[in-house]
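Examination of the molecular architecture
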Amino acid sequence: MQGLVLDTEQKTAFVKDIPIPEPGAGEVLIQVYTVALNPIDPLYVHNPLGATGRTVGSDFAGIINKLGEAVPSTSGLKEGQRVAGFLQGACSVNERPGSFAEYAVAPWDLVWRVPSTLSFEEAATKNLCGLTAAQAVFFRLGLPAPFTWKGKEEEDRIRKWAKKEVYFFIAGASTSVGMYAAQLVRRSAEVNGATIRLLGAASKQRFSLLKSEPYGYDDLVDYRNNDWVEHIRALTGGKGVDFAYDCISEGNTVKTVSETLNNSGNMAIVRSREGNAWNAEDLPVEPIYGAVWEGLGIEIQYQGFTVPTSPEARAFAVAFFKWLSEGGELSANPVRLMPGGLDSIVKDGFLLLGPGSMEDREHTRTESWMRPISAEKLVYRVGEWN
Ligand SMILES: NC(=O)c1ccc[n+]([C@@H]2O[C@H](COP(=O)([O-])OP(=O)(O)OC[C@H]3O[C@@H](n4cnc5c(N)ncnc54)[C@H](OP(=O)(O)O)[C@@H]3O)[C@@H](O)[C@H]2O)c1
């Protein structure tokens, strides 16, 4: 099969003929139809952690080609089933092949069943960013989830929240992560009748999209205006927000977003202190960081530190994907279908996403598909299926 593999020395990736993987016990082999791009895919190609030859890429959708041993019959999975999920690709020191290839292998309970009403292009967008947002909103910040992953403890949490009124602020509301986070905050409010006022920061051109369904922001500020923190505080009657989620977490955003919090407020971020994308002292509260990879439930070595195995994070990921399989309400982010398949990912998609930071994204090309990424997910078709 063809796969996009890492070249550690040249800090790039190239398409190569590689063997089709075999599913192990509890795994499924998937024929990959579409892949969605995430900023971390080019980040760890430009700053490689893995060895040359590692298959890169995270998000995928496709059909099950083969079930490995010990996949339970209760899983509802069978050959030909439409599924989606994510892998770690070349984003760690650990040897784990990614998804940018014609076939990929994944644990059966970390893929979800894609309904016939959703395209493969849309399905590929939901996995990594959907789970990242769910981890932040429910697992890290503790809002009640529309699914149970802890039994009684989770039910108690839902009861505790009943009829509460809270402000939730999302910085980077037009990012892929932010667009899923907004929807999940809405689902949380529906769980127990809490009133959640959703506030966000995005560029002005995205306000009407973000105020409409399925996001439903109550108010938005333009992050390019210098006084947006005061504006957010004013919208809360001067008290500050209860929760903030910084979906950018670079430069001075963590410090600035922390200034929107009330005295007992809490915030989550998408990039770690150790990664040095941001630096801030004297924060009112230490922001909660976590890597989406924790959901895979295996030890991760990356960015100079080790994230230990977390059975709890894995159980959460399984519950989230089960919720999606069962029709959990989460609209796919808008798709930008990119031309060219695997061969074009590095020269187009990775160029658009840049080497890591939002600020480093450059726009030198004039083709329509090379416009800046704003409230859209880059998706490629893989193989000959269409
Ligand atoms: N912790 C994890 O495991 C994890 C998982 C997934 C992603 N991430 C990280 O999360 C971040 C977001 O990823 P993504 O895929 O969601 O990004 P994305 O969709 O590519 O983000 C693009 C958007 O960022 C917005 N933006 C840029 N700078 C901004 C700023 N200063 N304030 C507000 N908005 C700004 C732009 O908004 P406008 O067009 O409106 O200007 C654009 O719509 C990345 O750094 C990524 O690496 C972390």
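Residues numbered from 1 in each chain as written. Predicted model: local features only at pLDDT ≥ 70, side-chain atom pairs only at ≥ 80, totals over all residues. Heavy atoms only, no water.

Going by an unreviewed UniProt entry, the chain carries the name GroES-like protein and comes from Eremomyces bilateralis CBS 781.70. The Sequence similarities (unreviewed entry) comment attached to the chain in UniProt states, word for word, "Belongs to the zinc-containing alcohol dehydrogenase family." (UniProt positions renumbered as here; feature names shortened; annotations may be inferred.)

1. As for the nonpolar core
If you look at the biggest cluster of nonpolar residues, it comprises 75 residues, and the most contacted ones within it are Phe138, Leu143, Phe147, Phe168, Tyr217, Trp293 and Phe320. It is helix H3 (residues 127-140) that provides the largest number of residues to this core, a total of nine residues. In terms of domain composition, this core takes at least three residues from each of domain 1 (2-126 + 332-381) and domain 2 (129-318). If near-sequence neighbours (up to four positions away) are discounted, Phe168 is found in contact with Val137, Leu141, Leu143, Val185, Ile196, Arg197, Leu198, Leu199, Phe243 and Tyr245. (Core = buried A, V, L, I, M, F, W, Y, C linked by side-chain atoms within 4.5 Å. Buried < 20%, exposed > 50% of the residue type's maximum accessible area, 1.4 Å probe, protein only. Helix = DSSP H or I, 4+ residues; strand = E, 2+ residues; numbered from the N terminus. Domains from an automatic or database assignment. Contact = heavy atoms within 4.5 Å.)

2. A closer look at the environment of Ala319
Mapped onto the elements, Ala319 comes out in helix H9 (residues 311-325). A residue is classified by how much of its surface remains accessible, and Ala319, at 11% relative accessible area, is buried. The spatial distance from the C-alpha of Ala319 to the C-alpha of Asp7 is 36 Å, given a sequence separation of 312 residues. Not counting chain neighbours up to four residues away, the residues in contact with Ala319 comprise Phe147, Thr148 and Trp149.

3. Here's the deal with helix H4 (residues 152-161)
Residues of H4 that are buried: Glu154, Arg157, Ile158 and Trp161. Seen end-on, H4 carries its buried residues on one side only, within an arc spanning 100 degrees. Facing away from the buried side of H4 by over 90 degrees, the exposed positions are Lys152, Arg159 and Lys160. At the C-terminal side of H4, Lys163 shows a positive phi close to 60 degrees. (Arc of directions from axis to C-beta.)

4. A short note on the UniProt feature "domain: Enoyl reductase (ER)" (unreviewed entry) in the chain
Here the UniProt feature "domain: Enoyl reductase (ER)" (unreviewed entry) sits at residues 7-330. Span residues 7-330 is 27% helix and 25% strand, its end C-alpha atoms 36 Å apart.

5. Focus on the domain arrangement of the chain
Under the domain assignment used here, the chain contains domain 1 (2-126 + 332-381) and domain 2 (129-318). The centre of domain 1, based on its C-alpha atoms, is set 25 Å off from the matching centre of domain 2. Taken together, the 30 residues of domain 1 in the interface contact 28 residues of domain 2. Among the residues of domain 1 in contact with domain 2, Phe86, Leu110 and Asn333 are the three that bury the most area, contributing 24% of the side total. Scanning the region where domain 1 abuts domain 2 turns up one salt bridge. Close ionic contact of Asp109 with Arg314 constitutes a salt bridge, the shortest N to O distance being 2.8 Å. Looking at side-chain class alone, the side of domain 1 that touches domain 2 contains 14 nonpolar, 10 polar and six charged residues. (Buried area = accessible area lost by both parts, 1.4 Å probe. Salt bridge = Lys/Arg side-chain N within 4 Å of Asp/Glu carboxyl O. Nonpolar A, V, L, I, M, F, W, Y, C, P; charged D, E, K, R; others polar.)

6. With respect to H9
Taking 1.5 Å of rise per residue, the 15 residues of H9 would be expected to cover 21 Å, and the 21 Å separating its terminal C-alpha atoms lies within 8% of that figure. Turning to H9, its buried residues are Ala313, Phe316, Ala317, Ala319, Phe320, Phe321, Trp323, Leu324 and Ser325. Buried residues along H9 sit against strand E5 (82-86), strand E7 (111-113), H3 and helix H5 (176-192). Among the residues trailing H9, Gly327 stands out with phi positive, at a value near 95 degrees. (Expected span 1.5 Å × (residues − 1).)

7. Considering the site of the ligand
Ser174, Ser203, Tyr223, Val292 and Ser374 are the nearest of the 25 residues found near the ligand. Interatomic distance of 2.5 Å between a side-chain N/O atom of Ser203 and an oxygen atom of the ligand. A distance of 3.4 Å is found between an oxygen atom of the ligand and a backbone nitrogen or oxygen belonging to Ala375. Considered on its own, the ligand offers 950 Å² of accessible surface; in the complex 90% of this is hidden by protein. Of all the elements in the fold, those that place two or more residues in the shell around the ligand are H3 and H5. (Near = heavy atom within 4 Å. Polar contact = N/O pair within 3.5 Å; in protein donor to acceptor, adjacent residues only side chain to side chain. Areas by Shrake-Rupley, 256 points an atom, 1.4 Å probe, with all protein chains shown as cover.)

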